[in-house]
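The primary structure of each chain is shown beneath.
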Amino acid sequence: ELDYMSLTHMLFDLSIYNGKDVEAETLFKTFRDRFGSSSPYLHVMQATLLQVNKGDREAEEFLTKLLKDALEYETDIIDYLLVSKKLLSIRRKSITKEEYLKQLLGLAEKFPVDGELWYAIAQEYASLGQFEQAAYSLEEVLCIAPFNYVAFAQLSEVLYYRALREKKDKDSLLQQSL
């Protein structure tokens, strides 16, 4: 049954991606009937449906209210983290890179073993040209998930770009990036 539910969740995401919001709503209701309305993934699914049907502002208000009223003190870590990430992804379009990075770092401080957060932090640091911090963030990802080959490749790329920018000791940095 776990495989079935995982596939159904992927079907929900695919329905949203393909613009089939009626099908996605049906899948959401199936999940809600099966797991109740307080499931962590259902909060994110409901916010996604609100985004599609009513806009980002409605979804942001729903998630903010959920965080403040229900999840701030009485929740499990999965629900708070999922809702916080979804809220941050919605806000991403309306805030600066620096503010987005600050909020990511705040979440990483609360949840230091979340590899997705550290990877997003690394991406932002790299886009800002702060390769030393990007490398550190990718090393955090690799501490959490040692066989994350995408993070290994990204770390090599970040070290390479850092070596290109630095005037001294380029050979050792290039060697390290390989």
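Let us look at the structure shown here. Within each chain, residues carry numbers counting from 1 in the order of the written sequence. Where totals are concerned, whole chains, interfaces and linings use all residues; where local detail is concerned, this predicted model gives features only for residues with pLDDT of at least 70, and gives and counts side-chain atom pairs only at 80 or more. Side-chain numbers come from the whole structure's heavy atoms, not from hydrogens or water.

Once that is clear, we can look at the packing of helix 3 (residues 40–54) against helix 5 (residues 77–91). Axis lines are fitted through C-alpha atoms, for helices just across the contact stretch, and the angle between N-to-C directions can take any value from 0 to 180 degrees. Under the DSSP-based scheme used, a helix requires at least four consecutive residues in state H or I and a strand at least two consecutive residues in state E, with every element numbered from the N terminus. Viewed as axis vectors pointing N to C, helix 3 and helix 5 meet at an angle of 20 degrees, and their least axial separation amounts to 8 Å. Taken as axis vectors, helix 3 and helix 5 run roughly parallel relative to one another. The element helix 3 and its partner helix 5 pack so that their crossing is right-handed. Across from Pro40, Tyr41, His43, Val44, Ala47, Thr48 and Gln51 in helix 3, the residues of helix 5 making contact are Ile78, Asp79, Leu82, Val83, Lys86 and Ile90. Three residue categories are used. Nonpolar comprises Ala, Val, Leu, Ile, Met, Phe, Trp, Tyr, Cys and Pro, charged comprises Asp, Glu, Lys and Arg, and polar comprises the others, including Gly. Its residues assigned to classes, the contact of helix 3 with helix 5 comprises 8 nonpolar, 3 polar and 2 charged. Roughly parallel covers angles under 35 degrees, roughly antiparallel covers those over 145, roughly perpendicular covers 65 to 115, and oblique covers all other angles. The crossing is said to be left-handed when, going from far helix to near helix, the turn is anticlockwise and less than a right angle, and right-handed when the turn is clockwise. Throughout, a contact is declared for two residues whenever any of their heavy atoms are within 4.5 Å.

So, on to the nonpolar core. In terms of nonpolar packing, the biggest core is built from 35 residues, with Leu104, Ile121 and Val158 touching the most fellow members. Of all the elements in the fold, those that place two or more residues in this core are helix 3, helix 4 (56–71), helix 5, helix 6 (97–110), helix 7 (115–127), helix 8 (131–144) and helix 9 (149–165). Among the elements that take part in this core, helix 7 stands out by supplying 7 residues, more than any other. In this text, buried Ala, Val, Leu, Ile, Met, Phe, Trp, Tyr and Cys residues form a nonpolar core when linked through side-chain atoms within 4.5 Å. For the exposure calls, accessible area comes from a 1.4 Å probe over protein chains only, and a residue counts as buried if that area is under 20% of its type's maximum, exposed if over 50%, partly exposed in between. Among the nonpolar cores identified, the runner-up in size contains 9 residues, and Phe12, Leu27, Leu42 and Met45 belong to it.

Our next topic: the layout of surface pockets. Here the term cavity refers to a set of points on a 1 Å grid, laid over the protein atoms alone, in which a 1.4 Å probe fits but cannot get out; the term pocket refers to an open set having protein on both sides within 12 Å along at least five of seven lines, with lining residues being those that place an atom within 4 Å of a point. Grid points are joined across faces, edges and corners, and a volume is the space filled by probe spheres set on the points. In this structure, the largest pocket spans a volume of roughly 260 Å³. Lining the largest pocket are 13 residues, and of these Leu67, Tyr80, Ser84, Leu87 and Arg91 lie nearest its centre. The dominant element in the lining of the largest pocket, judged by the number of residues it contributes, is helix 5, at 5 residues. If you add up the space inside the second largest pocket, you get close to 210 Å³. Around the second largest pocket, the lining residues are Glu1, Leu2, Met5, Ser6, His9, Phe31, Arg34, Phe35, Ser39, Tyr41, Leu42 and Met45. A per-element tally of the lining of the second largest pocket places helix 1 (residues 2–17) first, with 4 residues.

So, on to the packing of helix 1 against helix 2 (residues 21–35). Closest axis-to-axis distance for the helix 1/helix 2 pair is 8 Å, and the angle between their directions is 150 degrees. The angle between helix 1 and helix 2 places the two elements in the roughly antiparallel class. Note that helix 1 runs across helix 2; the crossing there is left-handed. Counted together, Met5, Thr8, His9, Leu11, Phe12, Ser15 and Ile16 of helix 1 and Glu23, Ala24, Leu27, Phe28, Phe31, Arg34 and Phe35 of helix 2 form the full contact between these two elements. In the contact of helix 1 with helix 2, the residues fall into 9 nonpolar, 3 polar and 2 charged.

Mapped onto the elements of the fold, Tyr160 is located in helix 9. For Tyr160, a relative accessible area of 38% puts it in the partly exposed group. In sequence terms Tyr160 and Phe131 are 29 residues apart; their C-alpha atoms lie 9.3 Å from each other.

Quick look at a nonpolar patch on the surface now. A contiguous nonpolar surface patch, about 340 Å² in accessible area, is contributed by Leu11, Leu14 and Tyr17. Taking relative accessible area as the criterion, Tyr17 reaches 71% and is therefore assigned exposed. Patch membership requires more than 30% relative accessible area and the absence of a salt bridge. Residues of like charge join within 9 Å; the nonpolar side chains Val, Leu, Ile, Met, Phe, Trp and Tyr join within 5 Å. Surface exposure here means Shrake-Rupley accessible area, sampled with a 1.4 Å probe, where a residue is shielded only by the protein chains that are shown. Think of a salt bridge as a Lys or Arg side-chain nitrogen and an Asp or Glu carboxyl oxygen that are within 4 Å of each other.

Here we come to the pattern of salt bridges. Under the counting rule described, the total for this entry stands at 6 salt bridges. A salt bridge links Glu124 to Arg92; the shortest N-O distance between them is 3.5 Å. Taken as a pair, Glu124 in helix 7 and Arg92 in the loop between helix 5 and helix 6 lie far apart in primary sequence, 32 residues in all. You can call Glu124 buried: its relative accessible area is 10%. Through salt bridges with shared partners, a single ionic network connects Lys85, Asp114 and Glu116.

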